[in-house]
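Examining the three-dimensional arrangement
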Amino acid sequence: MKDNNELQRAMNLLEKQGWNPMICDTPIAVSSCSVKCGIPTEIGDECIDDYWLLPKSLTNMQPEIIIRANGNSMIDAGYEDGDMLRVRLGVSAYDGDNVLACIDGQCTVKTLFSDEEGNRWLVPQNDDFDAIPLTEDMNIDIQGVVVGVEKASVRASSRKALMAIRRTKNKLRSARKLSSTQVDDYIIEIGNSVKHARQWYAVMRAMVDAEVQKATDYEAFCCRVRSLLPNHQHLPDAKELQRMAVLSFAKPVAMWVERDAPVTGKRFHDYMEIALGMASKLAC
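1. Some details on the packing of aromatic side chains
Scanning the entire structure with this criterion turns up 6 aromatic pairs. Here Tyr201 and Phe249 contribute two aromatic rings whose centre-to-centre distance is 6.1 Å and whose plane-to-plane angle is 10°, an arrangement assigned as stacked. Taken as a pair, Tyr201 in helix α4 (residues 200–209) and Phe249 in the loop between α6 (238–244) and α7 (265–283) lie far apart in primary sequence, 48 residues in all. Residue class for Tyr201 comes out buried when judged on its relative accessible area of 3%. Look at Phe249 and you get buried, because its relative accessible area is 0%. Relative to Phe268, the ring of Phe249 has its centre 6.2 Å away and its plane inclined at 35°; by these criteria the two rings are tilted. Placement of the pair is Phe249 in the loop between α6 and α7 and Phe268 in helix α7, with a sequence separation of 19 residues. Comparing Phe249 with Phe268 shows no difference in burial state: the two are buried. One aromatic cluster is present, built from ring pairs that chain together Tyr201, Phe249, Trp256, Phe268 and Tyr271.

Spelled out as structure tokens, the structure:
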């Protein structure tokens, strides 16, 4: 409550100074794909790379996505190569709207417009490109309308940052040359934190991330734990561990998210704590 009061006072002060402060509290998905502002190109399956927080007042009840522009066919509309376009999905598009359109599976950003005869076109905002007539034999899907543009953002991709960190960690691990005995010692240590047989999956996933365990060799991992801790009250079972490798748990630990995990609440946090504990030992 104290933080909320301080925030409100700060916003009131900014308003008195003539500013229009807004709280960035609404997540908008950022696609790792790019869309041609030029010749149409296939986007393929959407892949959410990150999220931007925007003020709720700037968004809409309709879903939105942010996608990177690729090319310069819309340069006269202010869209340059590398700009981030905020597209509102599923809304009606009218003449003059800049739209995200898919034609026979090929996607592009252009201006929607109808000529004197009522025929619809996708019109580039660059005289070096030709307009595209929308004919009846085309499979056309106007997916959304561009409602905003951020100029060539310097914000880095969370996915790329994570991959860079993983590459560096792998190099450091290779330089250290973890011995099998060291890994065994870490398994024994982390065993004290395991209170349920399936929680051994968190240990195994951390080892997979550290490249000291094969991702699909559940039986070998279970045999290793049984030989190291034969009297442990919660020994792992290969089939049970394999059942845990779903949703975000099938990904590296750094990409686990509760909303996309096979367990939630305290159970999720227990798995995460064990996995991070094992990862920290392997990274030491």
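After that view of the structure, there is still more to cover.
2. As for the packing of helix α3 (residues 180–190) against helix α5 (residues 218–228)
For the pair α3 and α5, interaxial distance at closest approach is 10 Å and the crossing angle is 75°. Judged on the interaxial angle alone, α5 and α3 are roughly perpendicular. For the pair α3 and α5, the contacting residues are Ser180, Val183, Asp184, Ile187 and Ile188 in the first and Arg224, Val225 and Leu228 in the second. Partitioned by chemical class, the residues of the contact of α3 with α5 number 5 nonpolar, 1 polar and 2 charged.

3. Concerning the pattern of salt bridges
Counting across every chain of the model gives 7 salt bridges. Measuring nitrogen to oxygen at the nearest pair gives 2.8 Å for the salt bridge that ties Arg205 to Asp209. Residue Arg205 and its partner Asp209 are located together in helix α4, separated by 4 residues, close to a single helical turn. Across the pair, Asp209 and Arg205 agree in class, each one buried. Each of the salt bridges in this network shares a partner with another, and the network as a whole consists of Arg198, Glu240 and Arg243.

4. Some details on α4
For α4, the tally of buried residues reaches 10 of 10 residues, placing the bulk of the element in the interior. Turning to α4, its buried residues number three or more, namely Trp200, Tyr201, Ala202, Val203, Met204, Arg205, Ala206, Met207, Val208 and Asp209. Positive phi shows up at Glu211, right after α4, with a value of about 60°.

5. Thoughts on the state of the cysteines
According to the stated counting rule, one finds 1 disulfide in the structure shown. What pairs with Cys102 in a disulfide is Cys107, and their sulfur atoms sit 2.0 Å apart. Here the disulfide of Cys102 and Cys107 is right-handed, its torsion about the S-S bond being about 70°. In this structure, Cys102 and Cys107 share a single accessibility class: buried.

6. A look at unusual backbone geometry
Positive phi, normally seen in glycine, also occurs at Glu211, with a value near 60°. Inspection of the secondary structure assignment puts Glu211 in the loop between α4 and α5. For Leu247, which is not glycine, the phi dihedral falls at a positive 50°. Its location among the elements puts Leu247 in the loop between α6 and α7. With relative accessibility at 47%, the residue Leu247 sits in the partly exposed group.

7. As for the pairing of strand β7 (residues 120–123)
Two strands pair when backbone bridges link them, and strand β6 (residues 106–114) and β7 are joined in this way by 4 bridges, in the antiparallel orientation. Within β7, the position partnered with Leu112 by the bridge is Leu122. Hairpin connection, β6 to β7: the antiparallel pair is bridged by 5 residues, and Gly118 has positive phi, about 85°. The pairing of β7 with strand β8 (residues 132–133) spans 2 bridges and is classified as antiparallel. Paired with Leu122 across the bridge in β8 is Ile132.

Analysis parameters
Counting starts from 1 at the beginning of each chain's written sequence and moves along it residue by residue. Note on the predicted model: pLDDT of at least 70 is required for a residue's local features to be given, and 80 or more for side-chain atom pairs to be given and counted; whole-chain, interface and lining totals, by contrast, use all residues. Side-chain numbers come from the whole structure's heavy atoms, not from hydrogens or water. Here is the rule: rings of Phe, Tyr and Trp (six-membered ring for Trp) pair when centre to centre is within 6.5 Å. Planes less than 30 degrees apart are stacked, more than 60 are edge-to-face, and the remainder are tilted. Labels follow the DSSP assignment, with helices taken as runs of H or I lasting at least four residues and strands as runs of E lasting at least two, numbered in each case from the N terminus. The buried label applies to any residue whose accessible area, calculated with a 1.4 Å probe on protein chains only, is under 20% of its type's maximum; exposed applies above 50%, and partly exposed to all values in between. Only the stretch in contact is used when a helix axis is fitted, and all axes are lines through C-alpha atoms; the angle between N-to-C directions ranges over 0 to 180 degrees. Orientation labels follow simple angle bins: below 35 degrees gives roughly parallel, above 145 gives roughly antiparallel, 65 to 115 gives roughly perpendicular, and whatever is left gives oblique. Contact criterion: two residues are considered in contact whenever any of their non-hydrogen atoms come within 4.5 Å of each other. Here the nonpolar group is Ala, Val, Leu, Ile, Met, Phe, Trp, Tyr, Cys and Pro; Asp, Glu, Lys and Arg are the charged ones; every other residue, Gly included, is treated as polar. The term salt bridge refers to a pairing of a side-chain nitrogen on Lys or Arg with a carboxyl oxygen on Asp or Glu at a separation within 4 Å. By definition, disulfides here are pairs of cysteine sulfur atoms that lie within 2.5 Å. At least two bridges found by DSSP between two strands are what make those strands a pair.

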